[in-house]
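# Chains, contacts and geometry: an overview
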Amino acid sequence: MKILMVTPELVPLVKVGGLADVVGALSKSLSLLGHEVRIVLPKYAGLRRVEDAQPMKDPLIVHLGGHEAYARIWNCTLPDSDVVCHLLEHNQLYDSPSVYRGPSGDEADNAQRFTFLSRAAIDLCYQTEWIPDVVHCHDWPTGLVPLYLNTTEADRPMGQAASLLTLHNVQHQGWFHRNVVDYSGLPQHVFRPDGLESMGQANFLKGGIYHSTKITTVSPTYAAEIQVADGGHGLHNLLHNRSADLVGVINGVDTDEWDPARDELLPARFSADNLSGKQICKARLQEAFGLEVAPEIPLFTVVSRLVEQKGLDLLVAISDRLMSEMAIQIAVLGTGETALEEAFTALSQRHRGRFGSFIGFDNELAHLAAAGADSLLMPSRFEPCGLSQLYAMLYGAPPVVRATGGLVDTVENYSESHSTGTGFTFTDPSPEALFDTIGWACSTYYDRPGDFQQLQQNGMRKDFSWALSAGTYESIYEQAMLSRAAAFVGQKKV
Ligand code: ADP
Ligand code: GLC
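So, here is what we can say about the structure in this document. One numbering rule holds for all chains: residues counted from 1, following each sequence as written. Written order decides the labels, with chains lettered from A and ligands numbered from 1. Only residues with pLDDT of at least 70 are given local features in this predicted model, and only at 80 or more are side-chain atom pairs given and counted; all residues enter the totals for whole chains, interfaces and linings. With hydrogens and water set aside, each side-chain value is computed from the structure's full complement of heavy atoms.

Here we come to the pairing of strand E5 (residues 67-77). At least two DSSP bridges between two strands are required for those strands to pair. The helix and strand labels rest on DSSP assignments: H or I over at least four residues marks a helix, E over at least two residues marks a strand, and numbering proceeds from the N terminus. Bridging between strand E3 (residues 54-55) and E5 involves 2 bridges; their strand directions are antiparallel. Opposite Pro 55, over in E5, you have Trp 74 as the bridge partner. Strand direction decides the pairing type here: strand E4 (residues 60-64) and E5, joined by 5 bridges, are antiparallel. Of the residues in E5, the one forming a bridge with Leu 64 is His 67.

In structure tokens, the structure reads:
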């Protein structure tokens, strides 16, 4: 199959969260399965420098509403793969280093930036004479692609391509002024309640959900949660109506990047059969966060965007009590909302040597935080899939998680009577429940070290690789192609 990924983020070039990991790793896995995979991504000013990127000779002409715009295309390949990346350069639209938002909030021209991405991805296919079988879109920034395919492209070659929209997070929907329709060049009739319109505004995610051939989200439990009012962020009815085309596919891990036995970013490597290197990582992590270097004290880490979704306000609420009542250490790596950043900084000042925080984004520290930790804290309010807990389990840090979304599907709760499980889960999104569960992990560490080690090894021996899920995507693409072809037969009959 020819598969075109359209995405706002991509590991190793630019990353805000797990979406970037997923697009990079899934594309590589699909390519290994024998498919031809290409990726289109904006060349933000903050994109990591790509040494081997070559500019295309001719500029790309992008057909927007009533006017044409131009982009310069840079081509490169994903490291260690045959996956082709097309980087879209545009001086005004992508001159900011940020993907979605800078220090003063959302980029003001996000509507144009991501409409341009969606339209350019389609125009690029014509210009390179490469018509994909499937266009795989990721989250609201690419939500307009399926609308183009069903309207402006309906009678052109790209209209035959099936679309798949993956929902990595339904909370972010891309709401914009309705005049984005004029800019996009989409026909005005897409702006209606059973399409792009939502309360007088354009809602990119909603439009994409209406128009895509198939929809996936990143875990089976989240797929169910978003179809009810509590979890659907206003889109539950629509998602429920499309449930026949909606599947939850669990994310995998790129084991070239995240494998404690081969990880070049660590001071020492280790495996389920030989955990000794983990102690070296723990000592290095304690040093890095200004914590007392003490191998016997359980060290809990957080590696996360600091946003409401992640439930870290619950941790803030109990941290003073944790520090006074439990012999533990905590290290927080994250960036995000100012209130949370300040709260964690203040905690590390109040509890020097026992509570450390690093406010920023640092991939090497993220690896060390998984490797050196005894446990990872992830008390998410909702979690479509979550990758941090997968990395933690593979790196021998049985996580403490709230039982929601992908955390339910990936973390098996510890059973004291059977010594089984891969982590510690709780249900109630309250500070008390989190406190008690950290207490449970802590007492397991101190009082039942054999069980704790068993949990570590259980997680490390799990297969979280992409092998299974890439195969599932493959069959979803096939179904999407069949249903696209059937729709065309139907249209011609009419
Ligand atoms: P989300 O996509 O909602 O942020 P995930 O758990 O799916 O949550 O993915 C988060 C990814 O971002 C993981 O790869 C994690 O290691 C990484 N990450 C989060 N915060 C940071 C940070 N401050 N520094 C480095 N990596 C981070
Ligand atoms: C989103 C979700 C996260 C998921 C990631 C990759 O950012 O918040 O749960 O793992 O996308 O799909």
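Now that the structure has been shown, we can carry on.
This paragraph deals with the site of ligand 1. Near ligand 1 lie 22 residues; those nearest to it are Lys 15, Gly 18, Arg 305, Lys 310 and Gly 360. For this analysis, a polar contact is any N or O atom pair within 3.5 Å, provided that within protein one partner can donate a hydrogen and the other can accept it, and provided that sequence-adjacent residues contribute only side-chain to side-chain pairs. At 2.8 Å, a backbone N or O of Gly 360 approaches a nitrogen atom of ligand 1. Within the contact set of ligand 1, a nitrogen atom lies 2.9 Å away from a backbone nitrogen or oxygen of Asp 362. For the area figures, the Shrake-Rupley method with a 1.4 Å probe applies, and any residue is considered shielded solely by the protein chains shown. Notes on ligand 1: free accessible area 560 Å², of which the protein chains cover 94%. Among the secondary structure elements, those contributing two or more residues to the shell around ligand 1 are helix H1 (18-32), strand E16 (299-306), strand E17 (329-336), helix H11 (363-372) and helix H12 (388-394). Among the elements that make up the shell around ligand 1, the one with the highest residue count is E16 (3 residues). Proximity criterion: a residue is near a molecule or strand once any of its heavy atoms comes within 4 Å of it.

Another point: the packing of helix H14 (residues 431-447) against helix H15 (residues 449-460). Where H14 contacts H15, the axes come no closer than 5 Å and their chain directions differ by 115 degrees. Classed by the angle they form, the pair H14 and H15 counts as roughly perpendicular. On H15, the residues that touch Ala 441, Thr 444, Tyr 445, Tyr 446 and Asp 447 of H14 are Pro 449, Asp 451 and Phe 452. For this classification, Asp, Glu, Lys and Arg are treated as charged, while Ala, Val, Leu, Ile, Met, Phe, Trp, Tyr, Cys and Pro are nonpolar and the rest, including Gly, are polar. Residue composition of the contact of H14 with H15, grouped by class: 5 nonpolar, 1 polar and 2 charged. Angles here are taken between N-to-C directions and fall from 0 to 180 degrees, while the axes themselves are lines fitted to C-alpha atoms, restricted in helices to the stretch in contact. Note on terminology: angles under 35 degrees are roughly parallel, angles over 145 are roughly antiparallel, angles of 65 to 115 are roughly perpendicular, and the others are oblique. We call two residues contacting when some pair of their heavy atoms lies within 4.5 Å.

Our focus in this paragraph is the sheet that holds strand E18 (residues 355-359). Taken in spatial order, the 6 strands line up as E18-E17-E16-E19-E20-E21 in an open sheet, and their pairing is parallel. Edge positions in the open sheet fall to E18 and strand E21 (424-426), since each of these has one partner strand only. Sheet twist, expressed as the mean angle between neighbouring strand axes with direction ignored, is 20 degrees. When strand E19 (residues 375-378) meets strand E20 (residues 400-402), the two strands line up parallel, connected through 2 bridges. Bridge pairing links Leu 377 to Val 400 in E20. Strands in contact with H14 are E16, E19, E20 and E21; relative to E21, the strand with the most contacts, it is inclined by about 160 degrees.

Glancing now at the nonpolar core. By nonpolar core we mean a set of buried residues, namely Ala, Val, Leu, Ile, Met, Phe, Trp, Tyr and Cys, connected to one another through side-chain atoms within 4.5 Å. Only protein chains enter the calculation, and the probe is 1.4 Å; a residue is then buried if its accessible area is under 20% of its type maximum, exposed if over 50%, and partly exposed in between. Counting 125 residues, the largest nonpolar core has Met 5, Leu 88, Phe 116, Val 135, Leu 167, Ile 209 and Tyr 477 as the members making the most contacts within it. Considering each element in turn, this core owes the most residues, 10 residues, to helix H2 (residues 110-127). Apart from the residues lying within four places of it in its own chain, the contact partners of Val 135 are Leu 4, Val 6, Val 145, Leu 149, Met 158, Ala 161, Ala 162, Ser 163 and Leu 164. Formed by 31 residues, the second largest nonpolar core is a distinct cluster that contains Phe 300, Leu 312, Ile 328 and Ala 441.

Another aspect to go through is the sheet that holds strand E13 (residues 201-203). Strand-to-strand pairing in sheets goes through backbone hydrogen bonds, with the strands running parallel or antiparallel. Reading across the sheet, the 3 strands line up as E11-E13-E12 and stay open at both edges, with antiparallel pairing between neighbours. Pairing within the sheet leaves two strands with one partner each, and these edge strands are strand E11 (175-176) and strand E12 (197-198). Taken together, the 2 bridges between E11 and E13 define a ladder with antiparallel strand orientation. Each residue of the ladder has a partner; that of Phe 176, found in E13, is Ala 202.

Once that is clear, we can look at the packing of helix H9 (residues 312-325) against H14. Interaxial distance between H9 and H14 falls to 9 Å at its minimum, and their mutual angle equals 40 degrees. The orientation of H9 with respect to H14, classified from their angle, is oblique. Note on packing geometry: the crossing formed by H9 with H14 is right-handed. Along its contact with H9, which presents Leu 314, Leu 315, Ala 317, Ile 318, Arg 321, Leu 322 and Glu 325, the element H14 presents Pro 431, Leu 434, Phe 435 and Ile 438. Should the near helix be turned counterclockwise from the far one by less than a right angle, the crossing is left-handed, whereas a clockwise turn marks it as right-handed.

In the vicinity of ligand 2 lie 14 residues, with His 168, Asn 251, Glu 383, Cys 385 and Gly 386 positioned nearest. Within the backbone of Gly 386, one N or O atom sits 2.7 Å away from an oxygen atom of ligand 2. With 3 residues, H1 is the single largest residue contributor to the shell around ligand 2. Per-class residue counts for the shell around ligand 2 are 6 nonpolar, 6 polar and 2 charged.

Right, let's talk about the layout of surface pockets for a bit. Only protein atoms enter the 1 Å grid, on which a cavity is a set of points fitting a 1.4 Å probe that cannot get out and a pocket is an open set with protein on both sides within 12 Å along at least 5 of 7 lines, lining residues being those with an atom within 4 Å of a point. Grid points are joined across faces, edges and corners, and a volume is the space filled by probe spheres set on the points. In this structure, the second largest pocket occupies an estimated 680 Å³ of space. For the second largest pocket, the lining is made up of 29 residues, of which Val 11, Pro 12, Leu 13, Arg 48 and Glu 257 are closest to its centre. Looking at the lining of the second largest pocket, the element that brings in the most residues is H1, giving 4 residues. Of the residues that constitute the lining of the second largest pocket, the class distribution is 14 nonpolar, 4 polar and 11 charged.

Our focus in this paragraph is the packing of aromatic side chains. Each Phe, Tyr or Trp ring, with Trp reduced to its six-membered ring, pairs with another whose centre is within 6.5 Å; inter-plane angles below 30 degrees give stacked pairs, above 60 give edge-to-face pairs, and intermediate values give tilted ones. Within the structure shown, the criterion is met by 21 aromatic pairs. On the numbers, 6.1 Å between centres and 40 degrees between planes, the contact of Tyr 100 with Phe 114 is tilted. On the criterion of sequence distance, the pair formed by Tyr 100 in the loop between strand E6 (84-89) and strand E7 (101-102) and Phe 114 in helix H2 is long-range, its members being 14 residues apart. Note that Lys 43 overlies the ring of Trp 74, its terminal NZ or CZ placed 5.1 Å from the centroid. Two conditions define a charge located above a ring, namely a distance within 6 Å from the ring centre to NZ of Lys or CZ of Arg, and an angle within 35 degrees of the ring normal. Over the ring of Tyr 148 we find Arg 119, and its NZ or CZ is 4.9 Å from the ring centre.

Here we take up the pattern of salt bridges. Just to be clear on terms, a salt bridge is a Lys or Arg side-chain nitrogen sitting within 4 Å of an Asp or Glu carboxyl oxygen. Applying the stated criterion across every chain, the model contains 22 salt bridges. Ionic pairing is found between Asp 259 and Arg 262, a salt bridge with its closest N-O pair at 2.9 Å. In this structure, Glu 416 and Arg 448 form a salt bridge, with 3.4 Å as the shortest nitrogen-oxygen distance. One end of the pair, Glu 416, is in the loop between helix H13 (405-410) and E21; the other, Arg 448, is in the loop between H14 and H15, and 32 residues separate them in sequence. In this structure, a network of salt bridges that share partners links the residues Lys 28, Asp 254, Asp 256, Asp 259 and Arg 262.

So, on to the pairing of E16. The two faces of a sheet get side chains in turn, since along a regular strand they alternate between them. Where burial is concerned, most of E16 is hidden: 6 out of the 8 residues are buried. Pairing analysis gives 8 bridges linking E16 to E17, with the strands arranged parallel. Paired with Leu 306 across the two strands is Gly 336, which belongs to E17. Crossover connection from E16 via H9 to parallel E17: handedness right-handed. When the strands point away from the viewer, a crossover counts as right-handed if the route from the first strand across the helix to the second turns clockwise.

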